[in-house]
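Tertiary structure, described
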Amino acid sequence: MRRIFFTVFMLAMVGAFFTGCATAPPPMAPFQTHDLNPKVQSGEYVKAVDNFIVIADGSTSMSDRCQGHKKLDLSREVIGRMNQTIPAIEVNSALRTYGQGPCLPRAATSIIYGPVPHASADFAAALGKYTCTGGNSPMGKAIAESDAQLKEMSGKTAMIIFSDGMATDKAAPAAEALKKEYGDRLCIYTVLIGQDKAGKGLMDALASIGGCGFATTADEIMTGAGMADFVQKVFLAKAPPKPAP
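1. A short note on the pairing of strand β3 (residues 92-98)
Side-chain positions along a regular strand alternate between the two faces of the sheet. Extensive coverage of β3 is indicated by the burial of six of its seven residues. Here strand β2 (residues 51-57) runs beside β3; their pairing, made up of seven bridges, is parallel. What sits directly across from asparagine 51, in β3, is asparagine 92. Note that β3 and strand β4 (residues 109-117) share six bridges and pair antiparallel. Counted as the bridge partner of tyrosine 98 is threonine 109 from β4.

2. Observations regarding the confidence of the model for the chain
On average, residues of the chain score 88 in pLDDT, and 88% of them are at 70 or above. Under a pLDDT of 50 for its full length, residues 1-23 has, in the predicted model, two contacts with residues more than four places off or in other chains.

3. Some points on the packing of helix α3 (residues 71-85) against helix α10 (residues 224-235)
In the contact formed by α3 and α10, the axes pass within 10 Å of each other and the chain directions differ by 65°. Looking at the two axes, α3 sits roughly perpendicular to α10. Relative to α10, α3 is oriented so that their crossing is right-handed. Residue-level contacts link Val78, Arg81, Met82 and Thr85 of α3 to Met227, Ala228, Phe230, Val231 and Phe235 of α10.

4. Digging into the state of the cysteines
A complete count under the given rule lists two disulfides for this structure. Paired through a disulfide, cysteine 103 and cysteine 132 show a sulfur-sulfur distance of 2.0 Å. With the S-S bond torsion at -95°, the cross-link from cysteine 103 to cysteine 132 turns out left-handed. Within this pair, whereas cysteine 103 is found in the loop between β3 and β4, its partner cysteine 132 is found in the loop between α4 (120-127) and α5 (139-145), the two being separated by 29 residues in sequence. A residue is classified by how much of its surface remains accessible, and cysteine 103, at 32% relative accessible area, is partly exposed. A sulfur-sulfur separation of 1.9 Å characterises the disulfide bridge that pairs cysteine 187 with cysteine 212. Across the S-S bond linking cysteine 187 and cysteine 212, the dihedral sits near -110°, which makes this disulfide left-handed. One end of the pair, cysteine 187, is in strand β6 (residues 186-192); the other, cysteine 212, is in the loop between α8 (197-210) and β7 (215-217), with 25 residues separating them in the sequence. According to the relative accessible area criterion, cysteine 212 is partly exposed, its value standing at 32%. Looking at the chain, its bonded cysteines, counted consecutively from the start of the sequence, adopt the pairing 1-2, 3-4.

5. A short note on the packing of α3 against α4
Relative to each other, α3 and α4 sit at 175°, their axes nearing to 10 Å. Overall, the two elements α3 and α4 adopt an arrangement that is roughly antiparallel. Between α3 and α4, the contacting residues are Arg76, Ile79, Gly80 and Asn83 on the first element and Ser120, Phe123, Ala124 and Leu127 on the second. A breakdown of the residues in the contact of α3 with α4 according to their chemical character gives four nonpolar, three polar and one charged.

Rules and cut-offs
Residues numbered from 1 in each chain as written. Predicted model: local features only at pLDDT ≥ 70, side-chain atom pairs only at ≥ 80, totals over all residues. Heavy atoms only, no water. Buried < 20%, exposed > 50% of the residue type's maximum accessible area, 1.4 Å probe, protein only. Helix = DSSP H or I, 4+ residues; strand = E, 2+ residues; numbered from the N terminus. Pairing = 2+ DSSP bridges. pLDDT = per-residue confidence, 0-100. Contact = heavy atoms within 4.5 Å. Axes fitted to C-alpha atoms, helices over the stretch in contact; angles between N-to-C directions. Parallel < 35°, antiparallel > 145°, perpendicular 65-115°, else oblique. Left-handed = near helix turned anticlockwise from the far one by under 90°. Disulfide = S-S within 2.5 Å. Nonpolar A, V, L, I, M, F, W, Y, C, P; charged D, E, K, R; others polar.

Shown next, in the form of structure tokens:
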């Protein structure tokens, strides 16, 4: 009898495990785009950057199918929400991925959009290719190879890194090299996907290397208000006061 009970118990536990993994993930945090265009059109704010490059982590560590959402899906969602919130300013953009699965080019890191004058719809279409995970996490290589895009860009550039911070190479030295080359023309912003403590430490360090950027998390900018605040801080600046008549 005990043996039968134990067998039934174990079968129930295994069934519960697989059922839990198959359960649909919870809905994403609600999002309503906050329109920043009136602030620009009124002259209250002006653009603060001439270019931005997104670096998106597609490595195996971004896949988690049993606890809520996959980190990859969170990354795609938060990048998409940022794209929806960027006001109509003249800015060039590029999208680079790394740690690539079969849906992306067979390389450690690739540019899948730009650099071109930013077009929200075209950027969203490119983001639609970022749907799979695979390989290790060569974040440092992705940062270093972004030098090719930075050389094509004039003016000030925001580099925005979306990752769980679990890099498998030396990302900080790569960021330091770019900062040394471009100085105040380059600011580094990081968005942590997930809650890995070591990953947070790396992402914080990268933002610190950038000097004029900052670190945040997907959780903090997933809402409409949070994203509007993030986009305003990265892309806009208060217009200088007009001279007295």
